[in-house]
Structures are given as structure tokens and as C-alpha cells.
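# Descriptive structure summary
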Amino acid sequence: MNTAASVHWHLLGAGNMGTLAASRLLHAGYPVQALHPQARPIDRTLSRNDQPMESLRLAVDPDGPVQYLLLALKGPQTRPALDALLPRLANDVLILCLQNGMGMLDDVALPGGARILHAITTDGAWRDGNTVHVVAENSTEVGGMNSLPDALEPLPACWPGWQWRADIAPAQWRKLAINAVINPLTALYDCRNGDLLDQGPRQAHLAKLAGEIDAALPHWLEHWPGNTTQLAETVAQQTAGNTSSMRADWLAGRETEIDFINGYLVRCASRHGIELPAHRGVLEKLSRRPH
Ligand code: KPL
């Protein structure tokens, strides 16, 4: 049996979610190092209710082998970063993916014995320089293997709202459905999440995207509840004041994650002979760089 101290984690992506997850790994007793293009250690402060609660310093490991990888990069950055890391990955590397979207690993030539776990979270955090403000610690569904690997046994006790799901696909698709509706619309209409509930054209657009999802998903996912409008409206309400991650990327002129959200959905549907014109529409508009 592994003890936490002998299980070395590497973090790829020290953004909001990556930093919060790294802090939970450290609390569980694991050593954590960062993988970063620069050699300087990564310093972060975690703040809750505007109170600095915890300081993290992650040393950067420039060349050691990688056996346990916490992957918290944005979709577009994933493939180039992993391609560069391939020579360092152990054959049976365990990758815990904490990302928005789906399909980021599809074109990466991972080692033959690689094991992949997905973490789907409703936690919320935003970053201001090196300070990560944790605004919600809700729940995280983790899974994608038959059982929790022994090496991860100490983790659930240190991860608020941890829920194990051997079959993680329903949680991944639920999250993708919500993001495929809220994120592109908030970028297109340049509004906060709650402003989509306008009883007018934005909400109608929301219902159109949601309806296409509900018509398509049952073709490849059993037991899809077909309630995407309700799911998206509830999350838009609960996060009314938020700027979605896609709107933030779009406004900042960064590449958005749309290809791994609506793009992934459109590609899955077309493999089943289904066209999703409303999703194709937002994909075309937002695939162009804003500036
Ligand atoms: O996940 C989100 C995102 O912005 O990426 C939502 C749930 C839409 C919250 O803003």
C-alpha cells in the first residue's frame, strides 16, 4: 500500500482550480511539484472570504519522471504541454484531469499504460495575481476507473464534496452541456451569466442550444435526462454575477475553450449523422480571435 509521502504529484496548470487541488493534495500529505516553463517556484496564496488562509510554494521539477499528474490546463494548452512532457511520463502514469471541456487528450500519444481519471467540479475560484480567491467549495465527482487507485486513498478525506463515480461520463456530459450553453452565449452577448435569463432573445438562444443537446445526446449516452434548459438556467441563476471563463478569455483576446466544448459536441453529433446548427453557429462566431 502506498503512503501519501511516497506518491509524488506533479501539477500542470497552476491556475485557480489547479492551485486549489494542489492545496488539497498537500493537505493529504503528498509531495507536489510544479511543471512550468520557468524555473522559479510558483507562489500562491489561497484566500477564503477575503481572508488569506494559506500560502503555497511549489518548486518546479525541471526534468524528473512524472508518475502522478494533476492536469489543470485550459483545453488549447493541453496538447502542446503534454507532447513536450511525453518523454518524462511513466508508462503507467496516472493523470487526474481537472479541466473544462472534453477530448483534450484524444490526439496525445500517451504511454500505453496511462490511467486517466476525470474530476468534474462545481467549485468556484478566481485569481488576482498570485492570490486565488476561493468562492465556493461545492462538490467534485471523480472517476473513470473501476475503483479508486490505492495511491489516492488519502485524498477524498481532504477534498470537500468528493464523490467517486466509476462511470464519470454522465457527469462529464452534464458539465459540458451547461458550459456549451452558458459560456458561448455570455461571450457573444458580452454579459454576465445571469443576464442570459432576460425572458427575451438571449433566453430563447439558450433554449435553442439546450434543445439541440437534448435531441443529440441520447444517441450516444444512455439515460440522458433531457433537462438542459433547466440545468443551464439554474446554473446561470446560481452564478448570476459571474463572468464565464469563455467570456473572460474572449474579452482578454485569449484563445477560448470552445473547440473542446461546442466543437467536441458538434463532432460527436456528426459521427452519429446529426447536425447541430445552433452550436455550429456559435462555434463559427467564436472560433475567430476577438482582437
Ligand atoms: O463553468 C463555468 C465557466 O464559466 O466555465 C460556469 C459554470 C458557466 C460558471 O461561470
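It should be noted that the structure appears before, not after, this text.
Residues numbered from 1 in each chain as written. Predicted model: local features only at pLDDT ≥ 70, side-chain atom pairs only at ≥ 80, totals over all residues. Heavy atoms only, no water.

### Examining the packing of aromatic side chains
On inspection of all chains with the given rule, the structure shows five aromatic pairs. Judged by centre distance (5.6 Å) and plane angle (50°), the ring pair of Trp-9 and Tyr-68 falls under tilted. Pair noted here: Trp-9 is in strand β1 (residues 9-12) and Tyr-68 is in strand β5 (residues 66-71), with a separation of 59 residues, a long-range link. In this structure, Trp-9 and Tyr-68 share a single accessibility class: buried. (Phe/Tyr/Trp six-rings, centres within 6.5 Å; stacked < 30°, edge-to-face > 60°. Helix = DSSP H or I, 4+ residues; strand = E, 2+ residues; numbered from the N terminus. Buried < 20%, exposed > 50% of the residue type's maximum accessible area, 1.4 Å probe, protein only.)

### Quick word on the sheet that holds strand β9 (residues 131-136)
The four strands are arranged β4-β3-β9-β8 in an open sheet whose pairing can be described as mixed. Two strands bound the open sheet, and with one partner strand each, they are β4 (51-58) and β8 (124-128). Averaged over neighbouring strand pairs, the angle between their axes works out to 25° when direction is ignored. Note: strand β3 (residues 42-48) against β9, four bridges, orientation parallel. Its bridge partner lying in β9, Ser-47 is registered against His-133. Contacting β3, β4, β8 and β9, helix α1 (residues 16-27) runs over the sheet at an angle of about 80° to β4. (Pairing = 2+ DSSP bridges. Axes fitted to C-alpha atoms, helices over the stretch in contact; angles between N-to-C directions. Contact = heavy atoms within 4.5 Å.)

### With respect to unusual backbone geometry
Even without being glycine, Asp-50 reaches a positive phi, approximately 60°. Structurally, the position occupied by Asp-50 is in the loop between β3 and β4. Asp-50 sits in the exposed class, given a relative accessible area of 63%. Even without being glycine, Gln-199 reaches a positive phi, approximately 60°. As for its position among the elements, Gln-199 is in the loop between α3 (169-188) and α4 (201-216).

### Remarks on the pattern of salt bridges
The full count for this structure, using the stated rule, is 13 salt bridges. One salt bridge connects Asp-249 with Lys-74, and the closest N-O pair in it is separated by 3.0 Å. With a gap of 175 residues between them, Asp-249 in helix α6 (residues 245-251) and Lys-74 in the loop between β5 and α2 (75-85) connect regions that are remote in the sequence. Between Glu-275 and Arg-280 there is a salt bridge whose closest N-O contact spans 3.1 Å. With a relative accessible area of 31%, Arg-280 lands in the partly exposed category. A single salt-bridge network, built from bridges that share partners, covers Arg-24, Arg-48, Asp-123 and Glu-137. (Salt bridge = Lys/Arg side-chain N within 4 Å of Asp/Glu carboxyl O.)

### Details of the environment of Leu-96
Relative to the helices and strands, Leu-96 is located in strand β6 (residues 89-97). With residues near it in sequence (within four places) discarded, Leu-96 still touches Trp-9, Leu-69, Leu-70, Leu-71, Leu-117, Ala-119, Val-142 and Trp-159.

### Quick look at the environment of Val-93
Its location among the elements puts Val-93 in strand β6. Using a relative accessible area of 0% as the deciding quantity, one classes Val-93 as buried. Sequence-wise, Val-93 and Val-66 are 27 residues apart; in three dimensions their C-alpha atoms are separated by 6.9 Å. Apart from the residues lying within four places of it in its own chain, the contact partners of Val-93 are Val-66, Gln-67, Leu-69, Pro-111, Gly-113, Ala-114 and Arg-115.

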